[in-house]
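One letter stands for each residue in the lines below.
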Amino acid sequence: MLKDKVAVIYGAGGAIGGAVARAFAGEGAKVFLTGRLQAPVEAVAKDIVSAGGSAEAAEVDAVDEQAMDRHLQSVIDKAGRVDISFNAVGIPNTNIVGVPLAELDAGQFSLAITAYTTSYFLTARLAARHMIPNKSGVIMTVTALHSRTGIPLVGGYGPAQAAKEALTRDLSAELAPQGIRVVGLRPQGMPETRTIKEAFEPRAEATGMTWEQFQGFLASKTHPRRLMTLAEMANVAVFMASDKASGMTGTTVNLTMGSLDD
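Computed from a predicted model, the values in this text were never measured in an experiment. (Residues numbered from 1 in each chain as written. Predicted model: local features only at pLDDT ≥ 70, side-chain atom pairs only at ≥ 80, totals over all residues. Heavy atoms only, no water.)

Engineer: Just to check I follow, could you spell out the pattern of salt bridges for this structure?
Structural biologist: Two side chains that carry opposite charge are able to pair once their charged atoms sit near each other. The final tally for this structure, using the stated rule, is eight salt bridges. A salt bridge links Arg81 to Asp83, with the nearest nitrogen and oxygen atoms 3.0 Å apart. Here Arg81 falls in the partly exposed class, since its relative accessible area comes to 31%. On the accessibility criterion, Asp83 (11% relative accessible area) is buried. (Salt bridge = Lys/Arg side-chain N within 4 Å of Asp/Glu carboxyl O. Buried < 20%, exposed > 50% of the residue type's maximum accessible area, 1.4 Å probe, protein only.)

Engineer: Teacher, can you tell me more about the layout of surface pockets here?
Structural biologist: Gaps between atoms show up when a probe of the same size as a water molecule is rolled over them. Counted as a void, the second largest pocket has a volume near 160 Å³. Lining of the second largest pocket is provided by Lys5, Asp83, Ile84, Ser136, Gly137, Val138, Gly179, Arg181, Ala241, Ser242, Asp243 and Ser246. Here the residues of the lining of the second largest pocket sort into three nonpolar, five polar and four charged. (1 Å grid on protein atoms, 1.4 Å probe; cavity = no way out; pocket = protein on both sides within 12 Å on 5 of 7 lines; lining within 4 Å. Points joined across faces, edges and corners; volume = space filled by probe spheres on them. Nonpolar A, V, L, I, M, F, W, Y, C, P; charged D, E, K, R; others polar.)

Engineer: Could you clarify how one ought to interpret helix α4 (residues 106–131) in this entry?
Structural biologist: Within an α-helix, residues lying three or four positions from one another point in the same direction, as the helix has 3.6 residues per turn. Compared with the 38 Å implied by 1.5 Å per residue over 26 residues, the 37 Å span of α4 between its first and last C-alpha is a close match. Measuring from the side-chain oxygen of the N-cap residue of α4 to the backbone nitrogen of Gly107 gives 2.8 Å; that N-cap residue is Asp105. (Helix = DSSP H or I, 4+ residues; strand = E, 2+ residues; numbered from the N terminus. Expected span 1.5 Å × (residues − 1). Polar contact = N/O pair within 3.5 Å; in protein donor to acceptor, adjacent residues only side chain to side chain.)

Engineer: Explanation requested: the nonpolar core in the structure shown.
Structural biologist: If you look at soluble globular proteins, the nonpolar side chains tend to sit buried side by side. The biggest cluster of nonpolar side chains holds 40 residues, and the ones touching the most others in it are Phe24, Val31, Leu33, Phe86, Met140 and Met233. Setting aside residues no more than four positions away along its own chain, Met140 makes contact with Phe24, Ile84, Ser85, Phe86, Asn87, Tyr120, Val183, Ala237, Met240 and Ala241. Of all hydrophobic cores here, the second largest spans 26 residues; its members include Val6, Ala58, Val75 and Leu175. (Core = buried A, V, L, I, M, F, W, Y, C linked by side-chain atoms within 4.5 Å. Contact = heavy atoms within 4.5 Å.)

Right, here's the structure in full:
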C-alpha cells in the first residue's frame with residue numbers, strides 16, 4: 001500500500017512509533033526513523049532491514065527545530081522528497097501524571113502541552129514546506145482518548161492531546177487545498193506501550209488495583225471488552241497514509257474500540 005513512499009517517523013524508538021515504522025516498511029515505504037536517543041531507534045531500523053525493508057536511523061530531538069530541519073533536508077537529499085510525516089513523539093508520563101489538578105504546579109501542567117503541541121507543530125510545518133511544492137503528502141500524528149473525555153490525574157496530558165487534534169484540523173484547512181492531507185489516530189490504550197504502564201502506577205498506589213485489574217477495567221469500557229494491539233493501530237496507520245485514504249483529511253480516526261462513541 002505504500003510502495004516507494006518516503007516516510008519520516010518521529011519518536012520511532014517508542015512502541016507506537018516503532019510499530020508504525022515496521023508497518024510502513026512492510027508495505028513498501030522507505031522509512032527514516034528519528035528519536036531523542038539513538039539506540040532504540042537503531043534497534044527498530046535493524047529489525048526492519050533484517051525483514052527486508054528499507055530504514056535509516058538518526059538521533060533527532062523533535063523539539064530542536066534546527067536539528068529536525070537538517071535531518072529532513074538530508075532525507076530530501078537522499079530520497080528526493082518526503083511523502084509521509086508521522087509524529088509519535090511522547091514524554092515520560094511520570095513527569096506529568098498522578099497529581100490532582102488542584103495541587104498541580106503550573107510548570108508541570110504546561111509541560112505536556114508545550115512538549116506535545118510544539119513537537120507536532122514543528123514536524124508538521126517542516127514537512128509541509130517540503131510537500132507544498134509537490135502538491136502531495138500526508139502529515140500524521142497520534143493522540144489518545146484523553147482528548148475527548150474527562151480522566152482524573154492526567155495533568156496537562158488531556159489538554160495536550162485535544163490541542164493536537166485541533167491542530168490537525170487547522171493544518172488540514174490550510175494544506176488540503178495544496179494536496180496535503182493531515183490526519184490523526186486516536187487509539188485505545190495498548191498494554192504493549194510504556195504509556196499505559198506509566199499511567200497505571202499512580203492509580204495502583206491510589207486504588208490498590210493490580211496490573212491485570214487495571215487492564216480489565218480499561219477493557220470493560222470497550223465494545224469487544226478487550227484492549228487494542230499495536231499491530232491493529234499500525235495497520236490503520238498504513239491505510240491512512242496510503243492513497244486509498246485520499247478522501248480523509250482534517251480528522252482524527254477513532255480507534256478507541258467503542259470507549260468513545262462518535
